[in-house]
Amino acid sequence: MSRQYTEEEDKLISWFKDNYKNIIFGLLFGTILVFGFKYYNDSNANKQYEMSLKYEEAIKDYQDKKYEKVILLSEEYQASNPSSIYTAMINLYAAKIYHDEGKYAESLGNLNFIIKNSSSKEMQIVASVRYSRILILQKKYDEAEKFITSVMNFDKNALLVEMLGDISYMKSDINKAKIYYESCLRLDITPNNRKIIENKLNSIQ
């Protein structure tokens, strides 16, 4: 006996005939998307692995007091992967090399790159602290103060607040220095750092 289609089945078959090209395209697109996403993840994982290997090799040279590879890698990663954690870390090392050589402008350049490009807030803060210290070392107190107060939530970071106190003291603004040191003591700091701040505060009472 021949099969008899119901009205609903007829509608379904008719709809499929009208839309099968779209269905096939959708299936192909979905397949490509899934495999494309997998390829992207695999490719990104491979890139991170390669970056980590180069980073480790450069750090080994750094520990042997060979700094060329660190500098070259920092420049390479700045150009190719500006937001990567490896870019931030290698630039911290490059900044320290320049700092120790007295090349403060170059050191500030590496630190500023981290601040502007890193995807890690923690690395941005580390770079900001070191950036501030170099400005203070150069006795650029106004510039340092302006920079620190531009950092988001600077008043929640004990190191930044302490440096503001130091800057105020060096500018002979004792009252302002006291305010910053007292603010620092209200933050969550280590016992050793608390002792240092208390000593600074007591010395200017």
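Residues numbered from 1 in each chain as written. Predicted model: local features only at pLDDT ≥ 70, side-chain atom pairs only at ≥ 80, totals over all residues. Heavy atoms only, no water.

Caption draft 1: Quick look at helix α6 (residues 141–150). Along α6, the residues classified as buried are Y141, A144, E145, F147 and I148. The buried residues of α6 occupy one face: seen down the axis, they fall within an arc of 165 degrees. In α6, the exposed residues that point more than 90 degrees away from the buried face are D142, K146 and S150. Looking at the packing, one finds that the buried side of α6 touches α4 (104–117), α5 (121–137), α7 (158–170) and α8 (174–185). (Buried < 20%, exposed > 50% of the residue type's maximum accessible area, 1.4 Å probe, protein only. Helix = DSSP H or I, 4+ residues; strand = E, 2+ residues; numbered from the N terminus. Arc of directions from axis to C-beta. Contact = heavy atoms within 4.5 Å.)

Caption draft 2: Expanded view of the packing of α7 against α8. It is at 7 Å that the axes of α7 and α8 come closest, and there the two elements cross at 165 degrees. What the angle tells us is that α7 and α8 run roughly antiparallel. For α7 against α8, the interelement crossing comes out left-handed. Note on element contacts: α8 touches α7 through I174, K176, A177, Y180, Y181, S183 and C184, opposite A158, V161, E162, L164, G165, D166, S168 and Y169. Per-class residue counts for the contact of α7 with α8 are nine nonpolar, three polar and three charged. (Axes fitted to C-alpha atoms, helices over the stretch in contact; angles between N-to-C directions. Parallel < 35°, antiparallel > 145°, perpendicular 65-115°, else oblique. Left-handed = near helix turned anticlockwise from the far one by under 90°. Nonpolar A, V, L, I, M, F, W, Y, C, P; charged D, E, K, R; others polar.)

Caption draft 3: Region of the structure containing the nonpolar core. Counting 35 residues, the largest nonpolar core has L111, Y131, F147 and I148 as the members making the most contacts within it. Mapped onto this core, the elements with two or more residues apiece are α3 (85–100), α4, α5, α6, α7, α8 and α9 (191–203). Broken down by element, the residue count for this core peaks at seven residues, all from α5. If sequence neighbours within four positions are ignored, I148 has contacts with S132, F154, L160, M163, L164 and I167. One finds Y55, I59, I71 and Y98 within the second-largest nonpolar core, a separate group that totals 14 residues. (Core = buried A, V, L, I, M, F, W, Y, C linked by side-chain atoms within 4.5 Å.)

Caption draft 4: Local environment of the environment of A105. Residue position: A105 is located in helix α4. Residues A105 and L135 lie 30 residues apart in sequence; the distance between their C-alpha atoms is 9.8 Å.

Caption draft 5: The environment of V161, seen in detail. Positionally, V161 belongs in helix α7. Of the residues examined, V161 reaches a relative accessible area of 3% and is grouped as buried. Counting along the chain gives 22 residues from V161 to S183, while the straight-line C-alpha distance between them is 7.5 Å. Non-local contacts of V161, meaning those with residues more than four positions away in its chain, are made with F154, D155, Y180, S183, C184 and L187.

Caption draft 6: Geometry of α3. For α3, built from 16 residues, the straight-helix expectation of 22 Å at 1.5 Å per residue is met to within 8% by its first-to-last C-alpha distance of 23 Å. Buried within α3 we find Y86, T87, A88, I90, N91, L92, A94, A95, I97 and Y98. The opening residue of α3 is S84, an N-cap whose side-chain oxygen sits 3.1 Å from the backbone nitrogen of Y86. The first or second residue beyond α3 is G102, which carries a positive phi of 80 degrees. (Expected span 1.5 Å × (residues − 1). Polar contact = N/O pair within 3.5 Å; in protein donor to acceptor, adjacent residues only side chain to side chain.)

Caption draft 7: Spatial organisation of the packing of α8 against α9. Contact geometry of α8 with α9 gives a least axis separation of 10 Å together with a crossing angle of 155 degrees. Our classification of the angle between α8 and α9 gives roughly antiparallel. Considering the relative orientation of α8 and α9, their crossing is left-handed. In this structure, α8 contributes K178, Y181, E182, C184 and L185 to the contact, and α9 contributes R194, I197, E198, K200 and L201. Split by residue class, the contact of α8 with α9 holds five nonpolar, no polar and five charged.

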